[in-house]
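Here are the chains, one letter per residue:
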Amino acid sequence: MSRMGDVLAGFHAAWEFESDSVLIRYERGIRTPKLFQALGERRVPLEAIAGVTLTRGKRGTVVLRVEPRPGADPLMEAAAGQLKESGDPYRLVLPAEREVLAEYYADELRSLLTESGPADRFLVEPPKGPLSFKAYDGKATFDGRTVNFRWFWTGASSAKWKAGDQSFSVGELNGVEWRSPEVFEGHLRLMRRDAEVSGAQADQDPAAVVFGLGYGPVHESLPFAAAVLAAVRSSSPVAAVPAPRRDPADIAERIRHLGELHQAGLVTDEEFSVKKAQLLSEL
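Report follows, based on the coordinates. No experiment lies behind these values; they were computed from the predicted model shown. The written sequence of each chain sets the order in which its residues are numbered from 1. Reporting in this predicted model follows two pLDDT cut-offs: at least 70 for local features of residues, and 80 or more for side-chain atom pairs to be given and counted; totals over whole chains, interfaces and linings ignore these cut-offs and use all residues. Heavy atoms from the whole structure form the basis of all side-chain values; hydrogens and water molecules are not counted.

The criterion for strand pairing is that DSSP finds at least two bridges linking the strands in question. A run of DSSP states H or I qualifies as a helix once it reaches four residues; a run of E qualifies as a strand once it reaches two. Both are numbered from the N-terminal end. Reading across from one edge, β1-β2-β3-β4 is the order of the 4 strands in this open sheet, with antiparallel pairing throughout. In the strand order of this sheet, the two ends are held by β1 (6-9) and β4 (41-45), each with one partner. Across this sheet, the average inter-strand angle for adjacent strands is 20°, counted without regard to direction. Pairing geometry for β1 and strand β2 (residues 13-17), over 4 bridges, is antiparallel. Across the sheet, the residue bridging to V7 is E16, located in β2. Together, β1, β2 and β3 (21-26) form the strand contacts of helix α3 (residues 99-112), whose direction differs from that of β1 by roughly 130°. A fitted line through C-alpha atoms represents every axis, and for helices the fit uses only the stretch in contact; the resulting angles, taken between N-to-C directions, go from 0 to 180 degrees. The contact criterion used throughout is that any non-hydrogen atoms of two residues lie within 4.5 Å.

Below is the structure:
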């Protein structure tokens, strides 16, 4: 930009224009979308931007938006077009009286753009958090190398209980499927390199966690999915990290629940014996 450090403040965010990037800082106020609060701030290199638009908004506003190049931002790749307009982190909403100033910055940005088309790598840093969230049927955690799913006995299906808690190193994965919790059958599914594409519903797939009312909200599950996707794209296959030993009280509770499934006829004698032995081996 012609003047480094220029700041354009709008509703819920302020954009700082640098010579090689746009730094977006999101407010943390009560009216700010939770996704913006979770992101905090994001630096968008100019090479990650395909275009700039300025349009009329609602109720006396204008909207300045930068269009990220396909493949440049892991957050938008994971979202796959499912974000609501109000939750788009690349929109800056301004009072209509600032339209002339917004047009100036839009023109300045356009004059500096030199790249177009899909990016061959992620150019925007993935979100730094959150790296854990509660789904309806389990808790998902990610430490930068390994994704773990720990099932909740109150929500997980018998198929997931039979499979046990799951651990996936990023080297085992080739992608992430995120379906917004704001639509029907929201879930996060891990796509494994050596496995066939699963046709199972998410509640039956041990490589997926299911969202629901109050579970896996966008501001928690989407940054998580983006962080995993970025790690997958930058990784090479590595050995899976072994799961840590479990709390004995937790093992006892899981064996009790397994027994209930066995008595209800949802688990065969053989499956009960195998799973019980597996749980005991984790002590």
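This part covers the pairing of strand β9 (residues 138-142). In β9, alternate side chains face the same way, and those of G138, A140 and F142 are buried while those of K139 and T141 on the opposite face are not. One ladder, built from 3 bridges, connects strand β8 (residues 132-134) with β9; its direction is antiparallel. Within the sheet, the bridge partner assigned to F133 lies in β9 and is A140. Between β8 and β9, which pair antiparallel in sequence order, lie 3 residues. In terms of strand pairing, β9 meets strand β10 (residues 146-151) through 5 bridges, oriented antiparallel. Among the inter-strand pairings, A140 is bridged to a residue of β10, identified as F149. Relative accessibility decides the category of a residue: with a 1.4 Å probe and only protein chains considered, values under 20% of the type maximum give buried, values over 50% give exposed, and everything between is partly exposed.

Throughout this description, the term nonpolar core refers to a set of buried Ala, Val, Leu, Ile, Met, Phe, Trp, Tyr and Cys residues connected via side-chain atoms within 4.5 Å. L64, F149, L188, L190 and V228 are the most contacted members of the largest nonpolar core, which totals 67 residues. Top element by residues in this core is helix α5 (residues 218-233). It accounts for 11 residues. Not counting residues up to four positions away in its chain, the partners in contact with L190 are V147, F149, F168, L173, G175, V176, A207 and V228. Counting residues in hydrophobic clusters, the runner-up holds 5 residues, among them I251, I255, L258 and F272.

This part is about the environment of L54. Looking at the secondary structure, you find L54 in strand β5 (residues 49-56). The sequence separation of L54 and W161 amounts to 107 residues, and the corresponding C-alpha distance is 51 Å.

Our next topic: the sheet that holds β8. Taken in spatial order, the 4 strands of this open sheet run β8-β9-β10-β11, and their pairing is antiparallel. The outermost strands of the open sheet, each flanked by one partner alone, are β8 and β11 (166-169). For this sheet, the mean angle separating the axes of adjacent strands, direction not counted, is 10°.

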